[in-house]
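Secondary and tertiary structure notes
Chain residues, written in single-letter form:
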Amino acid sequence: MKIDELVAIDVHTHAEVSCRQDADVYWAPYDEAASRYFKVGRRPTIDETLKLYREWKIGLVMFTVDTEFQIGNRRIPNEEIADAARGNSDIMLAFASIDPHKGKMGVREARDLVESGAVRGFKFHPTCQGFFPNDRLAYGLYELINHYKLPAIFHTGHSGIGTGMRGGGGMRLKYSQPIHIDDVAVDFPDMTIILAHPSWPWTDEALSMALHKPNVYIDLSGWMPKYFPPQIVQYANSQLKSKMLFGSDFPLIRPDRWIEQFREAGFKPEVHDLILKQNAIRALGLG
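Attention here is on the structure that accompanies the text. The model shown is predicted, which means the values in this text are computed figures rather than measured ones. (Residues numbered from 1 in each chain as written. Predicted model: local features only at pLDDT ≥ 70, side-chain atom pairs only at ≥ 80, totals over all residues. Heavy atoms only, no water.)

Our next topic: the side chain of His 197. As for its placement among the helices and strands, His 197 is situated in the loop between strand S6 (192-196) and helix H8 (203-212). Relative accessible area serves as the criterion here: at 7%, His 197 is assigned to the buried category. Engagement of the side chain of His 197 in a polar contact is seen with the side chain of Ser 221, the distance being 2.8 Å. If near-sequence neighbours (up to four positions away) are discounted, His 197 is found in contact with His 12, His 155, Thr 156, Ile 218, Asp 219, Ser 221, Gly 222 and Asp 249. (Helix = DSSP H or I, 4+ residues; strand = E, 2+ residues; numbered from the N terminus. Buried < 20%, exposed > 50% of the residue type's maximum accessible area, 1.4 Å probe, protein only. Polar contact = N/O pair within 3.5 Å; in protein donor to acceptor, adjacent residues only side chain to side chain. Contact = heavy atoms within 4.5 Å.)

Next up on the list: the nonpolar core. With 86 residues, the main nonpolar core has Phe 122, Tyr 142 and Trp 258 as its most contacted residues. Residues Tyr 30, Ala 33, Ile 71 and Cys 128 belong to the second largest nonpolar core, which totals eight residues. (Core = buried A, V, L, I, M, F, W, Y, C linked by side-chain atoms within 4.5 Å.)

Attention shifts here to H8. Within the span of H8, buried status applies to Thr 203, Ala 206, Leu 207, Met 209 and Ala 210. One side of H8 holds all its buried residues, which, seen down the axis, span an arc of 165°. In H8, the exposed positions that point more than 90 degrees away from the buried face belong to Asp 204 and His 212. On its buried side, H8 packs onto helix H7 (179-187), S6, strand S7 (216-219), helix H9 (230-236) and strand S8 (244-245). (Arc of directions from axis to C-beta.)

Another aspect to go through is the side chain of Ser 18. Its location among the elements puts Ser 18 in the loop between strand S1 (8-14) and helix H1 (28-38). Using a relative accessible area of 12% as the deciding quantity, one classes Ser 18 as buried. Side-chain polar atoms of Ser 18 contact the backbone nitrogen of Arg 20, separated by 2.8 Å. With residues up to four places along the chain from it excluded, the contact list for Ser 18 reads Ile 76 and Glu 80.

Our next topic: the pattern of salt bridges. If you walk through the whole model with that rule in mind, you get 13 salt bridges. Note that Asp 66 and Arg 75 form a salt bridge whose closest N and O atoms lie 3.2 Å from each other. Pair check on accessibility: Asp 66 and Arg 75 agree, each one buried. For Asp 83, the salt bridge goes to Arg 86, with nearest N and O atoms at 2.4 Å. (Salt bridge = Lys/Arg side-chain N within 4 Å of Asp/Glu carboxyl O.)

Fair warning: the whole summary comes from geometry, so function is off the table for now.
Now the structure itself:
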């Protein structure tokens with residue numbers, strides 16, 4: 001990344017529309033429900049996303065979410081995202097998503113992606129992937145990530161995916177309670193863990209973990225800043241000012257709108273650059 005040319009680094013950007021394969025009908029009901037919940041329309045392709053981020057001069061971490069086990073939809077290949085990052089390395093990093101239920105074959109895929117230099121981290125969504133983060137089924141992946149001292153983003157808290165669907169679309173919120181990741185932070189201290197979102201309704205758990213564990217960060221994606229629980233702003237202005245990261249959850253939230261509102265949401269001016277860029281440089285190993 002050409003860090004000096006960027007106004008911010010968005011650590012939480014989704015690839016939702018492939019440039020190489022058709023949309024999967026199994027995902028359509030979840031996509032429609034998320035559109036209603038977040039009040040968004042058509043999703044951009046990966047190429048369209050990159051064009052927008054260039055216009056905004058914002059760096060980005062992009063990933064898909066592998067939900068083939070829990071939902072049954074065909075994922076966007078990690079290789080497609082890796083190829084996009086190779087062609088846009090001045091602004092983009094690729095993270096891989098591999099469902100822990102894939103076992104040793106998943107670890108094999110992860111190793112190939114890391115050792116080829118294709119990806120710089122990993123994304124997990126316990127609710128959409130149907131597993132507790134401290135379940136031993138995921139430990140093979142964690143061992144690889146820890147060995148290479150890479151970051152991993154974990155969805156935490158409420159999920160917009162499944163909201164409003166009958167039975168929540170089969171999505172169980174219990175999997176994304178942050179405290180289940182505390183075991184992972186203890187067992188894999190060389191893996192940088194990023195707790196995605198303000199973790200509501202378990203916000204205080206996430207804050208405690210970030211305060212207690214040197215390898216735990218929080219990204220502020222998925223919520224517009226004016227809706228943040230007050231303790232998020234309180235700790236970002238004080239004890240956790242070096243642990244908070246800018247993330248948008250694009251395309252569900254636009255990063256330019258997020259940043260505009262962030263500047264008016266009670267964060268002290270001296271922490272703005274830390275949250276928007278400097279903390280990400282350290283957490284992502286870009287220094």
